[in-house]
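As a plain string of letters, each chain reads:
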Amino acid sequence: MALRRVVVTGMGALTSLGQNVAAMWDNLIHGRSGITSLEGLVDFDLSQYTSRIGGRINATTFNPKAFMPAKMVRHIDHFVQYGLAAAHEAITDAGLAVHEDNAYRVGVSIGSGIGGVEGIEQAALLCHNGGGPRRLSPFFVPSVIINMISGYCSILFGMKGPNLATVTACATGAHNIGLSARLIAHGDADVMVAGGAEMGITSTGLAGFCAARALSLRNDTPEAASRPFDGDRDGFVMADGAAVIVLEELEHARQRGAAIYGELIGFGMTGDAYHAAVPREDGEGAAQCISNALRDARLDAQDVDYINAHGTGTVAGDVAEVKAIHRSLGAAGATVPVSATKSMTGHLLGAAGSLEAVISLLALRHQLIPPTINLDRPDPDCRLNHVAKEAREARLHTAMSNSFGFGGTNAALIFRVLP
């Protein structure tokens, strides 16, 4: 069976760098950080937390009622609200109309890495502080389970096609995009709304990563805290938000006159089979994932024009990714431009892969590579063609986005300018 070609016709993003794609991109290419102190931005005491910084969605300007009914807002966790906001922007951007004639051909797959931690915390406190089960809302379970971003998106827009949510920690957004593309390629849908959302900066979410000693401790200089590939990096920085794209079968998009950002031509997946939270030191699993994406795209290593790295800023993770790039691309690994935009956005966990897919597509559209900021002293073990500190104009035809997650899960996406 000949596989159908898949293109991107809409994008949406909600981040600490901006609450839409245009604002986020403007801040990104100018090297601005969205990382700030969390003091006064969270409703819990930060005094015992080793890391007190993050990328927070501005609650004073975010208005979920602009995207969904007020009654729905009251019954869903923030991570669901974030995902629906990004989906609304993407669907509007795509000019997509869902009606009875096409509803069963339009699907949705939006996941989250850790889901409704905020609501679970509140419910647990209510139960264990004398409230008991009778105090819980009947909406508790559907407000916190991960597939409800997809569920509510389906309800809001009338989508009756595939309705699912893949969960793979920090590779969630990328896997939802890649697997959605395959649904379209195999004919299960003509359009898929795909991506990830996260609201992990809660008392237990932040505490868990502090306990794992995974987070940067640069509390006094939050803008300089996220430092992928830098010799002085000391961990990643948590961030909240969402990113969603509209994937569409090429001829379907052309027939309705949709604007096309690019074509998704490669998707790779592997598992490290090594450790729950640490990547293989030699980068073998990630390297095979990249190789799988290249094979799927029918590209050679030298055909990749830009890599948006997973680049979290952890000591072990960055080195493993660099080794994977060199292992999979060979000599091209030393010359292909690489940037790690988590240096500005922070790490959106389950939304990271979809946000970086959006950024990769924007790089192709604008022929401009966003920088890695805070890369003052590159680690000698992280030798790459870094796009450091300032955006770089480049002739780009293809872009690859890497995503890796706890459990040893790996994903790579390759996009290209539509010929």
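Since we're looking at a predicted model, the values are computed, not measured. (Residues numbered from 1 in each chain as written. Predicted model: local features only at pLDDT ≥ 70, side-chain atom pairs only at ≥ 80, totals over all residues. Heavy atoms only, no water.)

Undergrad: Before we go on, may I ask you to explain the overall build of the chain in this structure?
TA: Each helix and strand counted, the chain has 13 helices and 15 strands in total. On C-alpha atoms alone, the chain measures out to a radius of gyration of 20 Å, which is about the 22 Å that the 2.2 N^0.38 rule sets for 419 residues. When its C-alpha atoms are laid out on the principal axes, the chain stretches across 65 × 55 × 40 Å. Residue burial in the chain is summarised as follows: out of 419 residues, 59% are buried. Accessible surface, the chain as shown: approximately 16,200 Å² in total, 52% of it carbon and sulfur. Taking the average place of the 32 positive charges on the side chains of the chain and the average place of its 40 negative ones, the gap between the two points comes to 2 Å. (Helix = DSSP H or I, 4+ residues; strand = E, 2+ residues; numbered from the N terminus. Rg over C-alpha atoms; globule rule 2.2 N^0.38 Å. Buried < 20%, exposed > 50% of the residue type's maximum accessible area, 1.4 Å probe, protein only. Areas by Shrake-Rupley, 256 points an atom, 1.4 Å probe, with all protein chains shown as cover. Lys, Arg positive; Asp, Glu negative; His and termini not counted. Charge placed at Lys NZ, Arg CZ, Asp CG, Glu CD.)

Undergrad: I tried to follow the nonpolar core on my own but got confused; where do I start?
TA: The tendency in soluble globular proteins is for nonpolar side chains to be buried side by side. Among the nonpolar cores identified, the biggest contains 47 residues, and M11, M24 and L247 are the most heavily contacted of them. Broken down by element, the residue count for this core peaks at 8 residues, all from helix α13 (residues 352–366). Not counting residues up to four positions away in its chain, the partners in contact with M24 are A13, T15, L17, G18, L355, V358, I359 and L362. (Core = buried A, V, L, I, M, F, W, Y, C linked by side-chain atoms within 4.5 Å. Contact = heavy atoms within 4.5 Å.)

Undergrad: Quick question: what am I supposed to make of helix α7 (residues 172–185) here?
TA: Because an α-helix packs 3.6 residues into every turn, residues spaced three or four apart end up facing the same way. Taking 1.5 Å per residue as the helical rise, α7 with its 14 residues ought to reach 20 Å, and the 20 Å between its terminal C-alpha atoms agrees with that figure. G187 sits one or two positions beyond α7 and adopts a positive phi of about 90°. (Expected span 1.5 Å × (residues − 1).)

Undergrad: Teacher, can you tell me more about the pattern of salt bridges here?
TA: Oppositely charged side chains can form a pair if their charged atoms are brought close together. In the structure shown here, the tally under the stated rule is 21 salt bridges. Ionic pairing is found between R280 and E284, a salt bridge with its closest N-O pair at 3.0 Å. On the accessibility criterion, E284 (36% relative accessible area) is partly exposed. Several salt bridges share partner residues, and in doing so they unite R227, D230, D376 and K389 into one network. (Salt bridge = Lys/Arg side-chain N within 4 Å of Asp/Glu carboxyl O.)

Undergrad: Looking at this structure, I do not really get the packing of helix α10 (residues 284–297) against helix α11 (residues 315–329). What am I missing?
TA: Relative placement of two packed helices is described by the angle separating their axes and the distance separating the axes. One way to put it is that α10 packs onto α11 with a least axis distance of 8 Å and a crossing angle of 45°. Looking at the two axes, α10 sits oblique to α11. At the point where α10 passes α11, the crossing takes the right-handed sense. Residues E284, A286, A287, I290, S291 and L294 of α10 lie in contact with α11, whose contacting residues are A324, I325, R327, S328 and L329. (Axes fitted to C-alpha atoms, helices over the stretch in contact; angles between N-to-C directions. Parallel < 35°, antiparallel > 145°, perpendicular 65-115°, else oblique. Left-handed = near helix turned anticlockwise from the far one by under 90°.)

Undergrad: Just to check I follow, could you spell out the side chain of E118 for this structure?
TA: Position of E118 among the secondary structure elements: in helix α4 (residues 117–131). R56 is the oppositely charged side chain nearest to the buried, salt-bridge-free E118, at an N-O distance of 5.9 Å. Reaching out from E118, the side chain makes a polar contact with the side chain of H78 at a distance of 2.8 Å. Beyond its immediate stretch of four places on either side in the chain, E118 contacts D77, H78, M199 and T202. (Polar contact = N/O pair within 3.5 Å; in protein donor to acceptor, adjacent residues only side chain to side chain.)

Undergrad: Explain the sheet that holds strand β10 (residues 337–339) to me, please; I cannot follow it from the model alone.
TA: Remark on secondary structure: sheet strands pair via backbone hydrogen bonds, oriented parallel or antiparallel. Sheet architecture is open: 11 strands sit in the order β5-β4-β6-β7-β1-β8-β15-β14-β9-β10-β12, paired in mixed fashion. Of all strands in the sheet, those with a lone pairing partner are β5 (163–164) and β12 (385–386), marking the two edges. The pairing of strand β8 (residues 262–271) with strand β15 (residues 409–416) spans 8 bridges and is classified as antiparallel. Bridge pairing in β15 places G271 opposite T409. Packed onto the sheet, α10 meets β8, β14 (398–405) and β15 and runs at close to 145° relative to β8. (Pairing = 2+ DSSP bridges.)

Undergrad: Help me out: how do you make sense of the packing of aromatic side chains in this one?
TA: Centre distance and the angle of the planes are the two values used to describe a pair of aromatic rings. Counted by the stated rule, this structure contains 5 aromatic pairs. Note on F44 and Y49: the rings are 5.4 Å apart at their centroids and 50° apart in plane angle, and the pair reads as tilted. Of the two residues examined, F44 and Y49, each falls in the buried class. Considering the side-chain rings of F209 and F406, the 6.2 Å spacing of their centres and the 50° angle between planes classify their relative orientation as tilted. Of the two residues, F209 sits in helix α8 (residues 203–211) while F406 sits in the loop between β14 and β15, which places them 197 residues apart along the sequence. Residue classification places F406 among the partly exposed residues on the basis of a relative accessible area of 45%. Through a chain of ring-to-ring contacts, the aromatic side chains of F62, F67 and Y82 assemble into a single cluster. (Phe/Tyr/Trp six-rings, centres within 6.5 Å; stacked < 30°, edge-to-face > 60°.)

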